Amino acid sequence: MGMLIAFEGIDGTGKSTQVQLLAHFLEEQGFPVVTTYEPTDSEYGRRIRELYKDRSSCTPEEELNLFIEDRRLHVHEFIKPELAAGKIILTDRYYYSTAAYQGAAGMDTGEIFARNSFAPRPSLVLLLTMDPEVSIARIREGRGEELNDFEQLDQLRKVADHFAAFSDPCIARINAAQSPEQVHKDICRTVQERLF
Ligand code: TYD
């Protein structure tokens, strides 16, 4: 059996960079690694990306259903087979994002976790933490991107509060307001301490 490591956190914390850095580090040590992300590129993922532009075009319930159906496909078609093949899977977002973002949108977090019980539990969740003001400034300046509907400051504060409230023992919090090199070092140390 392989191992599942999830990267979580608000937008702008540098998750995708850190996924690639950790993948490289583990590959150099000879581990079989695959990387993936949510929302996926499935039909549901495409509908979710449409939603980024205007969330008011669907209800919070419909939005939650889309993320769950997207994950169901991801688990069935990718995560379970890769775990069975003995891979270390690094996923950029998983069900903690649903609990935090759709929780912030008013859905019940306990119910969200319960509805995700089909999804294998990760061995480790690397929760990248950062002040929402800082993460938003990074998105605006660093990436030169407009903020999408999931990334507005008020909303992101609520999402950060939800992430801060999760207390699952598989969660390790990493201070993402440091240089990418230092964040990577902290992640490597945490992975070695917790998993190897
Ligand atoms: P993101 O990782 O930023 O994807 P991309 O690089 O394609 O923009 O995720 C997109 C947004 O979706 C992000 O703001 C968080 C949100 N999201 C949820 O609201 N619920 C979820 O379950 C997931 C996986 C993501």
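Here we summarise the structure given alongside this text. If you're wondering where the values come from, they're calculated on a predicted model, not measured in any experiment.

## Description of the site of the ligand
Every one of the 13 residues lining the ligand counts as a neighbour, but D11, Y52, R93, T98 and Q102 are closest to it. In the model, an oxygen atom of the ligand is placed 2.8 Å from a nitrogen or oxygen of the D11 side chain. At 2.6 Å from an oxygen atom of the ligand is found a side-chain nitrogen or oxygen belonging to T98. Across the complex, the protein chains shield 83% of the 550 Å² of accessible surface that the ligand would expose by itself. One can see that the ligand is located within the largest pocket.

## Describing the packing of aromatic side chains
Counted under the stated rule, the structure contains 11 aromatic pairs. Here the guanidinium or amino end of R72 rests over the ring plane of F118, the centre of that ring lying 4.6 Å away.

## So, the layout of surface pockets
Empty space within the largest pocket amounts to approximately 700 Å³. The wall of the largest pocket is formed by 35 residues, among which D11, K15, D92, R93 and R143 lie closest to the centre. When the residues that make up the lining of the largest pocket are grouped by side-chain class, the tally is 11 nonpolar, 13 polar and 11 charged.

## Thoughts on the state of the cysteines
Per the stated rule, a full pass over the model turns up 0 disulfides. With no disulfide of its own, C170 lies closest to C188 among cysteine sulfurs, the gap being 19 Å.

Here is what the cut-offs are and how they apply
- Every chain begins its residue count from 1, and numbering advances along the sequence as written.
- In keeping with the predicted nature of the model, local features appear solely for residues at pLDDT of at least 70, side-chain atom pairs appear and are counted solely at 80 or more, and the whole-chain, interface and lining totals rest on all residues.
- Here the side-chain values reflect all heavy atoms present in the structure, with hydrogen atoms and water set aside.
- Here a residue is near a molecule or strand as soon as one of its heavy atoms is found within 4 Å of it.
- Pairing of N or O atoms within 3.5 Å defines a polar contact, subject to two protein rules: one partner must be a possible hydrogen donor and the other a possible acceptor, and residues neighboring in sequence count only if both atoms are side-chain atoms.
- Each accessible area is a Shrake-Rupley estimate made with a 1.4 Å probe; only the visible protein chains count as cover when residues are assessed.
- Lining residues are those with an atom within 4 Å of a point, where the points come from a 1 Å grid over the protein atoms alone and group into cavities, where a 1.4 Å probe fits but cannot get out, or pockets, open sets with protein on both sides within 12 Å along at least five of seven lines.
- For a molecule to be placed in a cavity or pocket, more than half of its atoms must lie within 2 Å of the grid points of that cavity or pocket.
- Here the aromatic set is Phe, Tyr and Trp, taking the six-membered ring for Trp, and pairing holds for ring centres within 6.5 Å; pairs whose planes are under 30 degrees apart are stacked, those over 60 apart are edge-to-face, and all others are tilted.
- Only lysine NZ and arginine CZ atoms are considered, and such an atom sits over a ring when it is within 6 Å of the ring centre and within 35 degrees of the ring normal.
- Grid points are joined across faces, edges and corners, and a volume is the space filled by probe spheres set on the points.
- Charged means Asp, Glu, Lys or Arg here, nonpolar means Ala, Val, Leu, Ile, Met, Phe, Trp, Tyr, Cys or Pro, and polar covers whatever is left, Gly included.
- Note that a disulfide, as used here, is simply two cysteine sulfur atoms within 2.5 Å.

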